[in-house]
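# Results of the structural survey
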Protein chains: 2
Amino acid sequence: MERGAIGTHLKNQPDEWKIEQGMHAARLPILDQTGPDPEGRAIPPEEYVPFKDEAAIRSVGDPNKLFTEEREGWEGYIEWEEYTDKKAKAHKILTSQNFPPPPEFQLGPIPGTNPVLEGVRWKMWHRAIGGALNTIADISWDTVMKEKHPEMLHLLQFPYNGEPPKRLVTAKPVTPNPLHFVRNHGGIPNIDRNKYRLDMDGLVARPQSFTLDDLMDESKFPRMEKLVTIQCSGTRRVEQIALYAGEGDEMINAPWAEGAIGTARWVGVSLKKVIKACGGLVGEGKHLELYGADTYFKKNNVMNYVVSVPWSKVKANEVMLAWEMNGEPLPKIHGYPLRVVVFGYIGARSVKWLYRIKAIEDPSMAPVQSQEYLYFNTQIGKHNQRMTDGIQIQEMPVSSAIMSPWSKQVVIHNGKIHCKGWAYSGGGRWPERVELSADGGFSWYTVPVENMSEKHRYAWRTWEMDLPCDVEGWIEIVCRCWDNSLNTQPLQVRAAWNWGLHVTSSAHRISIYSVNKTHEITRKRLAEFDERGVPFGPLTVPTEWQVQSWDDYRGYFEKNGPRDAETEYNSRDMED
Amino acid sequence: MERGAIGTHLKNQPDEWKIEQGMHAARLPILDQTGPDPEGRAIPPEEYVPFKDEAAIRSVGDPNKLFTEEREGWEGYIEWEEYTDKKAKAHKILTSQNFPPPPEFQLGPIPGTNPVLEGVRWKMWHRAIGGALNTIADISWDTVMKEKHPEMLHLLQFPYNGEPPKRLVTAKPVTPNPLHFVRNHGGIPNIDRNKYRLDMDGLVARPQSFTLDDLMDESKFPRMEKLVTIQCSGTRRVEQIALYAGEGDEMINAPWAEGAIGTARWVGVSLKKVIKACGGLVGEGKHLELYGADTYFKKNNVMNYVVSVPWSKVKANEVMLAWEMNGEPLPKIHGYPLRVVVFGYIGARSVKWLYRIKAIEDPSMAPVQSQEYLYFNTQIGKHNQRMTDGIQIQEMPVSSAIMSPWSKQVVIHNGKIHCKGWAYSGGGRWPERVELSADGGFSWYTVPVENMSEKHRYAWRTWEMDLPCDVEGWIEIVCRCWDNSLNTQPLQVRAAWNWGLHVTSSAHRISIYSVNKTHEITRKRLAEFDERGVPFGPLTVPTEWQVQSWDDYRGYFEKNGPRDAETEYNSRDMED
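All figures in this text were calculated on a predicted structure; none of them were measured in a lab.

This part is about the overall build of chain A. Scanning chain A for helices and strands turns up 15 helices and 27 strands. Taking the principal axes of its C-alpha atoms as reference, chain A extends roughly 105 × 65 × 45 Å. Here chain A, with 576 residues, has 52% of them falling under the buried criterion. Looking at chain A alone, contacts between residues at least 24 apart form 71% of all its contacts between residues at least 6 apart. Here chain A displays about 26600 Å² of accessible surface, and carbon together with sulfur accounts for 52% of that area. Between the averaged position of the 68 positive side-chain charges in chain A and that of its 76 negative side-chain charges there is a distance of 6 Å.

Below, the structure written as structure tokens:
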């Protein structure tokens, strides 16, 4: 066949070989085979043509008067949920112009920078609204620089999403605050603790407000302290991206690795007691809607960050209103002065900069609850998705990750590879057993219990182990966990791949080049490198000297016979 | 090489070819390669040499006086736990003789009978003790015949283990009592409800006894009603056996299929309220030891059936003392007059014929808790097992099974295969999504939500679906479930295989011969069978007539060229 529709369209671009091989797929047109042409019709990607209706935007009014801070001492907090009119105005501004599409980082390569992604569209949206949102991106980044560890990996600069590097993720069983991952959905408000109040309303008997001192008053509310692991449902998403591209919003689907999980000792009060102080739920009140002071953007609408948790979870004392993280007041970036910590649920429910709790009948209709953090079947995607096709993610399943060694690393060892990492299960379950395989998931070794951190009801366990490995060359080390309910992880990424790239629950796999020094030939070869003062790495650099003597080579064939078995066709007799 | 140690030992037995192929492995000697012979040394299996020390047995005393029923109106109940001396006497009787090894049903074939296994050793043990245990096997079997459905599959005749056939497992979302699976560990006591009492002692403030009327008195105890699925951790064990043999006690490891799960509406009281009526726990009381009136045998010791549940489970109102099952008094075989129902735990904790609850500090040391129902890593087995290497099984993980079609069935369809089955998750989690694959687990279809039974916190969901399948020939249909915590099942049996053959949590796979009548060639071929009045099955019976006309055959090669591509070696020119 001649070159078909796809090739014709591409007109010999310089990177065509890579496009043909799926290595630069962002530039590969969609192939529509539903028409009359059996080879299909190439549909080029949408082109970005900027537009901006300045008059329409101006007609909305002065942003500095419209989009102002709601409360004194609450810098960066704009109230949206109470003002339908204000939301409509913001919507008009956003729909009177367009914005560049999100940068491609799945079908093209993930940038090799730190920050990895910048959040250009998010910055543009905030500046388009203006008012109190005009400078929040810069202020937020300053807070990152002040509060987070200098070695953080910044997945997204704004809204800030960052995780620690592998060497620091499990350095301690309790994550130091500057290293705790951050997954913000908007700018970071700056709230004066003395001006702080929490409003509790909706279907409670006596709606009321609480200051931070009210909540801290132990004569009113028993204090609660708990070691809790918070995990983003995007943890290890990069493995799903490496397999197949999914939905690509740079913010929503930042390419998280294994560090979007952290463990802290939180202090606060049980939300149950606060609801009790309001006389309890009334009517059909069955869910608690939680409001964060950060501003969130979704499909050209502007809003506060809102989700909900069911009463059953609150009733079990698994929802804490926390002001302390590892013995310190909450860092600003983690929700100062008060945040929610929902034990055993994804981080998205643990609302930061909490300013309101509303008791409602049904789960929140806010987009973070209803449109995002949805878990789809593999066949659901851009072509057919509906919100109700997804399971709303609350409890996280059992998972685990290897923090050392790193994928593609050459490991020189004496028959055992030292590995370390974490294991976690949501919903109050805990890791009972961690297993490692050096043969791609066929045989499994149990991590000795003395090499695991303590068992807690809502926290991860860190672990380390010397994994027996005789085999050399490229191997796959796989890690899986069994929790106390004996749930475990499927072994392949595809088994749990989904369009939203959430909940990478498959066993963690890393490719390792195993060099086993207990093998005599290997030991001698490494000694040669040493003697010649040539480093062994990089792996793919060819060895510059002869790897075997000619005497040895000839001796081999003298002893074992020639390369080709004797047949009538390699005999020298031409007469046959 | 010459025939080695294994073959020599076998001396050309008539079934040697099957032994060589691993098809009759019970007769295959163990191969010890740790000695000097590089081929290894064959170790033949232990031979059974009966012995019986009649004098020692007689010296124990008269069984009809020693092993008598403990309470009036409690037929078949012998109290063991209170009498160390009685236990010692029973132990002496059992160790003064030996018993035949359990029948082999893993390395050899599973019998094709109903009952599948008889429980010969168990019957012998009971008769060896004598007294009230002498006739209990026969009495129990009479109860099976009276109370269970005539179509039950009797996995083990005594102690009775039975499950319904696939066509009846999911016929209704609530299992009718006669079809509910039974996994008894001893004989069935026959208890007069008016002579019944439950003793509550140990670490409670006010130890006391309750009659059934006390517990049923709603002025004392609020009544509780709940739909609960009980599952044996041995469910689907037959898949593990088919892969590799594990521990082989016929009773402990009966070859359960997918029917060791049942769902009933239970009525009773919360154990929490009964403990409250005893003034609550005192001291270090943290676990509740549950005593059943049935007699159990383990490693030559005789005892009552005893397990424990943690207080946290009781506190959450997840432990019921139940007297009613689907609107009827408990059948005798299910624990009449009172049993425990532990929501979301394996059936082994739901003690039948409950006569005592003791509050204790630590989990029970009784063998059912400490030595059985343990979940091991794949490398743990006969050669190295310790009790503490196993996770004590409490909550069951997410699982599912296909009830129709059956494995190896030929299914003639019009592009969709109708499937039905169940899905379940322990610990109060519930199936959120059931998925089916017709391609061995590569692509997955979601069962439409309207084809699933209702969502309950402690119950399974039954489901059915028309699964799209274009492919013909041998296929594998796979079923998996995602629960509300997004846990799912590993895809291969090996991923979860374990020595105790417990908790078959891998996705359920069946091999189906797919015959797709929407394919023209297939439609015509089936019509030929019809016209000739020849049944299509069995599949492996060769078709007796020519499957293609010679005209068609010749026409094919005329049109498409000869079978072999033209090369210099199939040309007729000999001079080359």
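Take the state of the cysteines next. Residues and elements named next belong to chain A. If you walk through the whole model with that rule in mind, you get 0 disulfides over all chains. You can see Cys-479 has no disulfide; the closest cysteine sulfur is in Cys-481, sitting 7.6 Å from it. Residue Cys-479 is classed as buried on the basis of its relative accessible area, which comes to 0%.

Turning our attention to the relation of the copies chain A and chain B. Under the fitted operation, chain A is carried onto chain B by 0.0 Å of movement along the axis and a turn of 180°, and the coordinates agree to an RMSD of 0.0 Å. This pairing of chains is accounted for by a two-fold axis. Relative to the rotation axis, the C-alpha of Pro-490 of chain A is the closest in chain A, positioned 2.1 Å from it. An overlap of 100% is found between the interface residues of chain A and their copies at the interface of chain B, pointing to a shared contact surface.

Next up on the list: the UniProt feature "domain: Oxidoreductase molybdopterin-binding" (unreviewed entry) in chain A. UniProt's feature table lists "domain: Oxidoreductase molybdopterin-binding" (unreviewed entry) at residues 185-366 of chain A, given in the numbering used throughout. With 13% helix and 40% strand, residues 185-366 of chain A has end C-alpha atoms that lie 14 Å from one another.

Moving on, we get to the UniProt feature "domain: Moybdenum cofactor oxidoreductase dimerisation" (unreviewed entry) in chain A. Look at the UniProt record and you will see "domain: Moybdenum cofactor oxidoreductase dimerisation" (unreviewed entry) annotated at residues 392-513 of chain A. End C-alpha atoms of residues 392-513 of chain A are separated by 39 Å, and the span's content is 0% helix alongside 45% strand.

Let us look at the environment of Thr-34 of chain A. Residue and element names in this part refer to chain A. Residue placement: Thr-34 occurs in the loop between β1 (30-32) and β2 (41-43). What makes Thr-34 exposed here is its relative accessible area of 72%. A distance of 2.6 Å separates the side chain of Thr-34 from the side chain of Asp-32, its partner in a polar contact.

About the thresholds
Residues numbered from 1 in each chain as written. Chains lettered and ligands numbered in written order. Predicted model: local features only at pLDDT ≥ 70, side-chain atom pairs only at ≥ 80, totals over all residues. Heavy atoms only, no water. Helix = DSSP H or I, 4+ residues; strand = E, 2+ residues; numbered from the N terminus. Buried < 20%, exposed > 50% of the residue type's maximum accessible area, 1.4 Å probe, protein only. Contact = heavy atoms within 4.5 Å. Areas by Shrake-Rupley, 256 points an atom, 1.4 Å probe, with all protein chains shown as cover. Lys, Arg positive; Asp, Glu negative; His and termini not counted. Charge placed at Lys NZ, Arg CZ, Asp CG, Glu CD. Disulfide = S-S within 2.5 Å. Least-squares fit on C-alpha atoms with pLDDT ≥ 70 in both. UniProt positions renumbered as here; feature names shortened; annotations may be inferred. Polar contact = N/O pair within 3.5 Å; in protein donor to acceptor, adjacent residues only side chain to side chain.

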